[in-house]
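So the chains spell out like this:
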Amino acid sequence: MNASSTRFWPVTDGHCCAPSRPAGGTRDQTSSTVSTTGDVPELVRIPAGEFVMGTDDAEGYPEDGEGPPHLVALPAYDIAPTTVTNAEFARFVAATNHVTTAETLGSSFVFAGLLADDHPPTRAVRSAPWWREVEGACWRHPEGPESDIDDRSDHPVVHVSWTDAVAFCAWSGTRLPTEAEWECAARGGIAQARYPWGDDREPEGRHMMNVFQGQFPEQNTGDDGWIGPCPVRSFPPNGFGLYEMTGNVWEWCADWFSPHAYALSSPLNPQGPSTGENRVMRGGSYLCHDSYCNRYRVAARSANSPDSSAGNIGFRVARSA
Ligand SMILES: [Cu+2]
């Protein structure tokens, strides 16, 4: 990272490993004008049942409202095995001419370590200066206008807002998973484990997800094989056959976020708070690091304003069975 190219941007704030746009604006906007005849990705059926949601893990963040563990019952639902890829999102845009929030606003947030050394000066997020506001960054140009996704068709689409994700869902006849559906899916049928595969982050020294190794944020050793996002299906699936439920990119969920959500929620198919400022994001990203933010656990929670976008936020779709 080049400190001399940093100007601090006081308007916004950094949350966890992802920066936020101020709440407001198109906050409640959902797209209702697109058709529902799009390509529906092949989804995985999660049978009706109960699971224990949340954790009191000592490594967790109680202030995020990760606990207490509580029993939740869900009807059967379907969920995508991977996050939506650039190829899938491109088909949606070709069919609908959807313009993303980042394209409308003219910028999005890029991790400084992924910018070319000769990238022009960028504004940094004050509380998280490794995030740079890059003009022209969007899903087609993840590191700004000079970059492209020509060799990233199987990568997660990124720089998509919650609003963009909901528009994709409407087109494809799907919806975002609720936070409870997401966590049930991420657990892969294993009760109260820390990760989708168990409690050991690197069983027998094997990397099971794309997160940050090294000295955050200066030096990513890429021991897991990746510095930035990786193609979907790069790591083994969980017990439900779902890929990259943790690491790689944050995933938007349907719910409004509240740290008190679990105390107020129904044990039967909870839908989250009825209102709020930020939407839930789950799963962590390639920037999560145990020294700074270990939100790559299945119970970890984060949130962002519905207009926010960054190079580490994507989504996967779901559907009621
Ligand atoms: Cu994080």
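For clarity, every value in this text was computed on a predicted model and none was experimentally measured.

Enquirer: Summarise the packing of aromatic side chains; cite the residues concerned and give the values.
Expert: Each aromatic ring pair is specified by the distance between its two centres and by the angle formed by the two planes. The final tally for this structure, using the stated rule, is 16 aromatic pairs. Geometrically, the ring pair formed by Phe111 and Phe216 is stacked, given 6.2 Å between the ring centres and 25° between the ring planes. One end of the pair, Phe111, is in strand β8 (residues 107-111); the other, Phe216, is in the loop between β11 (214-215) and β12 (219-220), and 105 residues separate them in sequence. Comparing Phe111 with Phe216 shows no difference in burial state: the two are buried. Relative to Tyr292, the ring of Trp130 has its centre 5.2 Å away and its plane inclined at 90°; by these criteria the two rings are edge-to-face.

Enquirer: Please give an account of the sheet that holds strand β14 (residues 279-282) that cites residues and values.
Expert: Judged by pairing direction, the sheet is mixed, and its four strands sit side by side in the order β15-β14-β13-β16 without closing on themselves. Of all strands in the sheet, those with a lone pairing partner are β15 (302-304) and β16 (313-314), marking the two edges. The pairing of strand β13 (residues 250-256) with β16 spans two bridges and is parallel. Bridge pairing links Glu251 to Gly314 in β16.

Enquirer: Describe the side chain of Asn304, naming the residues involved and giving the relevant values.
Expert: Here Asn304 is to be found in strand β15. A polar contact of 2.9 Å, which involves the side chain of Asn304, links it to the backbone oxygen of Pro19. Leave out the neighbours within four places in its chain, and Asn304 touches Ala18, Pro19, Ser20, Arg21, Trp252, Asn278, Arg279, Met281 and Ile313.

About the thresholds
- Per chain, residues are indexed from 1 in the order of the written sequence.
- Restriction of local features to residues with pLDDT of at least 70 applies here, the model being predicted, together with a cutoff of 80 or more for giving and counting side-chain atom pairs; totals for whole chains, interfaces and linings are based on all residues.
- By convention in this description, side-chain values take in all heavy atoms of the structure and omit both hydrogens and water.
- When the centres of two rings from Phe, Tyr and Trp lie within 6.5 Å, Trp using its six-membered ring, the rings pair. Their planes under 30 degrees apart give stacked, over 60 give edge-to-face, and anything left gives tilted.
- The numbering of helices and of strands both runs from the N terminus, where a helix is a DSSP run of H or I of at least 4 residues and a strand a run of E of at least 2.
- Working definition: with a 1.4 Å probe on protein chains only, accessible area under 20% of the residue-type maximum means buried, over 50% means exposed, and in between means partly exposed.
- A pair of strands counts as paired when DSSP detects no fewer than two bridges linking them.
- Here a polar contact is taken to be a pair of N or O atoms separated by no more than 3.5 Å, where protein atoms must pair a possible hydrogen donor with a possible acceptor and residues adjacent in sequence count only if both atoms sit in side chains.
- Contacts were defined at the residue level, with two residues in contact if any of their heavy atoms lie within 4.5 Å.

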